[in-house]
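Structure assessment
The primary structure of each chain is shown beneath.
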Amino acid sequence: MTVRAWKDAGFAEARVGVQRELQYRLASFLTLVGFLIEPVVLLVVWRTVAEASGGIGGYDLNAITAYYMVWRLVRAMNLALSPDVWGWWIQNGRLSQLLLEPANVFWRTAWSFVGQKFLNIAQWLPIGAVLYWIFRPEVALTWQQVVGFAVAVWLGYAVRAATLFAFGLVGFWTTTANVLFQLPVALEI
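Report on the accompanying structure.

Definitions and limits used
Residues numbered from 1 in each chain as written. Predicted model: local features only at pLDDT ≥ 70, side-chain atom pairs only at ≥ 80, totals over all residues. Heavy atoms only, no water. Phe/Tyr/Trp six-rings, centres within 6.5 Å; stacked < 30°, edge-to-face > 60°. Helix = DSSP H or I, 4+ residues; strand = E, 2+ residues; numbered from the N terminus. Lys NZ or Arg CZ within 6 Å of the ring centre and 35° of its normal. Core = buried A, V, L, I, M, F, W, Y, C linked by side-chain atoms within 4.5 Å. Buried < 20%, exposed > 50% of the residue type's maximum accessible area, 1.4 Å probe, protein only. Contact = heavy atoms within 4.5 Å. Patch = residues over 30% accessible without salt bridge, like charges linked within 9 Å, V, L, I, M, F, W, Y side chains within 5 Å. Areas by Shrake-Rupley, 256 points an atom, 1.4 Å probe, with all protein chains shown as cover. Salt bridge = Lys/Arg side-chain N within 4 Å of Asp/Glu carboxyl O. Polar contact = N/O pair within 3.5 Å; in protein donor to acceptor, adjacent residues only side chain to side chain. Axes fitted to C-alpha atoms, helices over the stretch in contact; angles between N-to-C directions. Parallel < 35°, antiparallel > 145°, perpendicular 65-115°, else oblique. Left-handed = near helix turned anticlockwise from the far one by under 90°. Nonpolar A, V, L, I, M, F, W, Y, C, P; charged D, E, K, R; others polar.

Another aspect to go through is the packing of aromatic side chains. If you walk through the whole model with that rule in mind, you get six aromatic pairs. Between phenylalanine 118 and tryptophan 154, the ring centres sit 5.5 Å apart and the planes meet at 40 degrees, which makes this aromatic pair tilted. Taken together, the residues span a long stretch of sequence, with phenylalanine 118 in helix 6 (residues 105–135) and tryptophan 154 in helix 7 (residues 143–169) at a distance of 36 residues. Each member of the aromatic cluster is reached from another via a ring pair, and the members are Tyr67, Tyr68 and Trp71. Positioned over the ring face of tryptophan 71 is arginine 75, at 5.2 Å from the centre of the ring.

Grouped together as the largest cluster of nonpolar side chains are 18 residues, with contacts concentrated most on Trp86, Trp89, Val105 and Tyr157. Elements that contribute at least two residues to this core include exactly helix 4 (83–92), helix 5 (94–99), helix 6 and helix 7. Among the elements that take part in this core, helix 6 stands out by supplying six residues, more than any other. When neighbours within four sequence positions are excluded, tryptophan 86 is seen to be in contact with Leu81, Leu95, Val105, Leu164, Phe165, Gly168 and Leu169.

Quick look at the environment of methionine 69 now. With respect to the helices and strands, methionine 69 occurs in helix 3 (residues 61–77). For the pair methionine 69 and leucine 43, spaced 26 residues apart in sequence, the C-alpha to C-alpha distance is 7.8 Å.

Attention now goes to a nonpolar patch on the surface. On the surface, a nonpolar cluster with roughly 410 Å² of combined accessible area is contributed by Ile37, Val41, Val45, Trp46 and Val49. By the element assignment, tryptophan 46 lies in helix 2 (residues 25–53). The exposure class assigned to tryptophan 46 is partly exposed, which follows from its relative accessible area of 34%.

Now for unusual backbone geometry. Non-glycine residue arginine 136 carries a positive phi angle of around 50 degrees. If you trace the backbone, arginine 136 turns up in the loop between helix 6 and helix 7.

Moving on to the side chain of asparagine 78. Inspection of the secondary structure assignment puts asparagine 78 in the loop between helix 3 and helix 4. In terms of polar contacts, asparagine 78 uses its side chain to reach the backbone amide nitrogen of tyrosine 157, at 3.1 Å. In contact with asparagine 78, not counting residues within four places along its chain, are Lys117, Val153, Gly156, Tyr157 and Arg160.

On to the packing of helix 6 against helix 7. What describes two packed helices is the angle between their axes and the distance between those same axes. Running from N to C, helix 6 and helix 7 point in directions that differ by 140 degrees, and their axes come no closer than 11 Å. Regarding the angle of helix 6 to helix 7, the classification is oblique. Read as a crossing pair, helix 6 and helix 7 show a hand that is right-handed. Of the residues in helix 7, those in contact with Phe106, Thr109, Ala110, Phe113, Val114, Lys117, Phe118 and Ile121 of helix 6 are Trp154, Tyr157, Ala161, Ala162 and Phe165. Classifying every residue of the contact of helix 6 with helix 7 gives 11 nonpolar, one polar and one charged.

This is the structure we're talking about:
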């Protein structure tokens, strides 16, 4: 496969990912709400603690507020195909079907999630603006920090997608790879 063909296939799969998200708008909205509730609750709790104690661990109220506002975006950006989906694919023959197609399963799913990331960013922007308007954190960012963050979050997605892909492949030899999936989730939290 040439570089141009690989690029074209990747962009086509990203478009399919966007279309899939748009097709299931209610599921996408409920996922958004689910990913929003936890950070907002934690934001309110830790802001209350920080206001009462004058900060937490050297972080002031603004830093804590900015952290939880951005945390929702980072979590959405790091979503990838989980091993329980791999298990379902293996048990129901879907993976066999995907392996018969010319596109590599890893790249296909990774590109599909890349397309969904752009919708996640588009969903986060108004939410981030509302949270910024409500909590008013004073954060001074340079363009180098913003670019560095963007590169880091996309590289984080690439590492997570590759790791979860490897965990999912364990499903070929075990009844489930879900236990392995819980390990990085526990370490994240």
